[in-house]
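Remarks on the overall topology
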Amino acid sequence: MENKAIKKILLIADTFFPEKNSAALMLHTLAKYIYSEKIELIVVTPHENHKNKIIFLNEKYTHLKFYCPYLKSNNLALRTYGEFLLSKFFIRSTKLYKNYFKDISLIISYSPTIFFGPYIKYLKKEFNIKKSYLILRDIFPQWIIDLNILNKNNPIYFLFKYYEKILYRNSSRIGVQSENNKKYFETSIYKSNVEYLPNWYQNDIVIEKYNLFNKINYKYKIIYTGKLSFAQSLKNFQFFIDLIINIPETCFIYVGDNFKQIKTNENVFSFNSVSQEQLQYLLSESDLGIVNLDKRHTTHNVPGKSLNYLAKGLPIIASLNTNNDFIDIINFNKIGYATSKELFEHEDIISEIEKIFKNYNEYSMNAKNFIKQYHSVKGAFDKIRKI
């Protein structure tokens, strides 16, 4: 499809700015860039209020928030049921707002979740939309099998695989976040539709000064942002914290929903989640970012937080799963240090951190340049629009 043929895009996701996660930030950045290209944009996301909402944003795109229950439930079974209902509720709401869906040239969907397949199928048939691009980040349900959260003999696994196939079947092109993730599709009928689409970042969020660090007077601030959940071992993470706090003039800062689970002391600080604007300020006041993935993953994840760190000039220390191609990328480009070992098990981790601090200006500049060169929103959308 030529660029001139793209007049109107529909972006479907289960999160969007100002929610406090890297996916919401990435999608908001993409939405603003699409508008800057003078392409009409409709964004559709779920929310739990009982009434649908239509928001006309300053960026001149329209955001439709469709009611869907249980998505924010703390009960995992209820939350899964809410995702299962996504397409049903979205189709019902779309029928009430059909005018917004006329003359769409391209559907862009974001996964996770895997449950948008039936909705995309409906849209393509009802509104005669020919092209759809899937931005596939976490490969689900494979990662919950890797982490032994679910057994392949469980009937729920077969339900997940069914919806995964519907999603892929209704996607004209599938963009994965790692070259190695293309291997997941090597024996699949969708192999020819899969391409590498790196995550992107555009550092244009207004920074809101925040006094969270006012009483933290250390030369070096090492920070971790986001949730610690299935994908991160809290026990191993705490072991790592206990190691790095022995580095002179250094403190560790955690900002996220699990802040009560981190053991604090005079140079370990833990805070609840903050807004994206406040987070950008906290990162600008920090020196080193931490990325940690469960080593049982067989697919490859490039955590969105890593781009957030790098864009602010923070080198990263990353513990990733074996054969994750982001390990070589980090080490080769000298934007930090990465390993497939658990960080607390790595005998040289302290010296690697001290090496970064010793050559900090070089690593920091490398980080900023790396984002500009390889992870721009322009580069991502140029690839998407070629579908």
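The paragraphs below set out a description of the structure included in this document. None of these values were measured; they are calculated from a predicted model.

**Focus on the pattern of salt bridges**
For side chains of opposite charge, pairing can occur when their charged atoms come near one another. Applying the stated criterion across every chain, the model contains ten salt bridges. E40 is paired through a salt bridge with K8; the nearest N and O atoms lie 4.0 Å apart. One end of the pair, E40, is in strand β2 (residues 40–47); the other, K8, is in strand β1 (residues 8–12), with 32 residues separating them in the sequence. Residues E195 and R173 are paired through a salt bridge, measuring 3.4 Å at the closest nitrogen-oxygen approach. With a gap of 22 residues between them, E195 in strand β8 (residues 194–196) and R173 in strand β7 (residues 173–176) connect regions that are remote in the sequence. Take R173: its relative accessible area is 24%, and that puts it in the partly exposed class.

**Thoughts on the sheet that holds strand β14 (residues 336–339)**
Read across the sheet, six strands follow the order β11-β10-β9-β12-β13-β14 without closing on themselves; strand pairing throughout is parallel. Unpaired on one side and paired on the other, β11 (268–271) and β14 mark the two borders of the sheet. Each strand of the sheet is rotated relative to its neighbour by a mean of 15 degrees, with strand direction disregarded. Inspection of the sheet shows strand β13 (residues 316–319) paired to β14 by four bridges, in the parallel sense. In the sheet register, S319 faces β14, and the bridge partner there is T339. Contacting β9 (220–225), β10 (250–255), β11 and β12 (288–292), helix α7 (residues 234–244) runs over the sheet at an angle of about 150 degrees to β10. Along the sheet, helix α9 (residues 304–311) contacts β9, β12 and β13; its crossing angle with β12, the most-contacted strand, is approximately 170 degrees.

**Some details on the pairing of β13**
Side chains I316 and A318 of β13 all project onto a buried face; the interleaved residues I317 and S319 project onto the opposite face, where all are buried too. Examined bridge by bridge, β12 and β13 share four bridges and lie parallel to one another. Considered in β13, the bridge of V291 is made with A318.

**A closer look at the environment of R79**
Among the secondary structure elements, R79 is positioned in helix α2 (residues 76–84). Along the backbone, R79 and S105 are 26 residues apart, and their C-alpha atoms lie at a distance of 32 Å. Apart from the residues lying within four places of it in its own chain, the contact partners of R79 are Y70, L71, S73 and N74.

**What to know about the packing of α7 against helix α11 (residues 349–358)**
Orientation of α7 relative to α11, taken along the N-to-C sense of each, is 60 degrees, at an axis distance of 10 Å. Looking at the two axes, α7 sits oblique to α11. When you trace α7 past α11, the crossing you get is right-handed. Facing α7, whose interface residues are F240, L243 and I244, α11 presents I349, I350 and I353. For the contact of α7 with α11, a count of residues per class yields six nonpolar, no polar and no charged.

**Considerations on a nonpolar patch on the surface**
Taken together, the side chains of Y70, L78, Y81, F84, L159 and Y162 define a hydrophobic patch exposed on the protein surface, amounting to about 550 Å² of accessible area. Elements that contribute at least two residues to the nonpolar patch include exactly α2 and α6 (155–169). For L78, the position within the fold is in helix α2.

**Focus on the environment of N180**
Its place among the elements puts N180 in the loop between β7 and β8. With relative accessibility at 16%, the residue N180 sits in the buried group. C-alpha of N180 to C-alpha of F116: the two residues are 64 residues apart in sequence and 24 Å apart in space. A polar side-chain atom of N180 sits 2.6 Å from the main-chain carbonyl oxygen of N323.

**Notes on a positive patch on the surface**
Together, K121, K125, K165 and R169 give the surface a local cluster of positive charge. Every element with two or more residues in the positive patch is listed here: α4 (117–126) and α6. With respect to the helices and strands, K121 occurs in helix α4.

**Examining the side chain of D287**
The residue D287 is located in the loop between α8 (276–284) and β12 in this model. In terms of polar contacts, D287 uses its side chain to reach the backbone amide nitrogen of K221, at 2.7 Å. Here D287 is in contact with K219, Y220, K221, L314, P315, F357 and Y360, once residues within four sequence places are set aside.

**Focus: α4**
For α4, the complete set of buried residues consists of G117, Y119, I120, Y122, L123 and K124. Within two residues after α4, N128 carries a phi angle of roughly 55 degrees, on the positive side.

**Topic: the nonpolar core**
Side chains of a nonpolar character, in soluble globular proteins, are inclined to be buried together. Grouped together as the largest cluster of nonpolar side chains are 58 residues, with contacts concentrated most on F252, I253 and I353. Those residues in contact with I253 that lie beyond four places of it in its chain are F213, I216, K221, I222, I223, Y224, F269 and F271. Ranked by size, the runner-up nonpolar core spans 46 residues in total, among them L10, I120, L123 and I166.

Calculation notes
Residues numbered from 1 in each chain as written. Predicted model: local features only at pLDDT ≥ 70, side-chain atom pairs only at ≥ 80, totals over all residues. Heavy atoms only, no water. Salt bridge = Lys/Arg side-chain N within 4 Å of Asp/Glu carboxyl O. Helix = DSSP H or I, 4+ residues; strand = E, 2+ residues; numbered from the N terminus. Buried < 20%, exposed > 50% of the residue type's maximum accessible area, 1.4 Å probe, protein only. Pairing = 2+ DSSP bridges. Axes fitted to C-alpha atoms, helices over the stretch in contact; angles between N-to-C directions. Contact = heavy atoms within 4.5 Å. Parallel < 35°, antiparallel > 145°, perpendicular 65-115°, else oblique. Left-handed = near helix turned anticlockwise from the far one by under 90°. Nonpolar A, V, L, I, M, F, W, Y, C, P; charged D, E, K, R; others polar. Patch = residues over 30% accessible without salt bridge, like charges linked within 9 Å, V, L, I, M, F, W, Y side chains within 5 Å. Areas by Shrake-Rupley, 256 points an atom, 1.4 Å probe, with all protein chains shown as cover. Polar contact = N/O pair within 3.5 Å; in protein donor to acceptor, adjacent residues only side chain to side chain. Lys, Arg positive; Asp, Glu negative; His and termini not counted. Charge placed at Lys NZ, Arg CZ, Asp CG, Glu CD. Core = buried A, V, L, I, M, F, W, Y, C linked by side-chain atoms within 4.5 Å.

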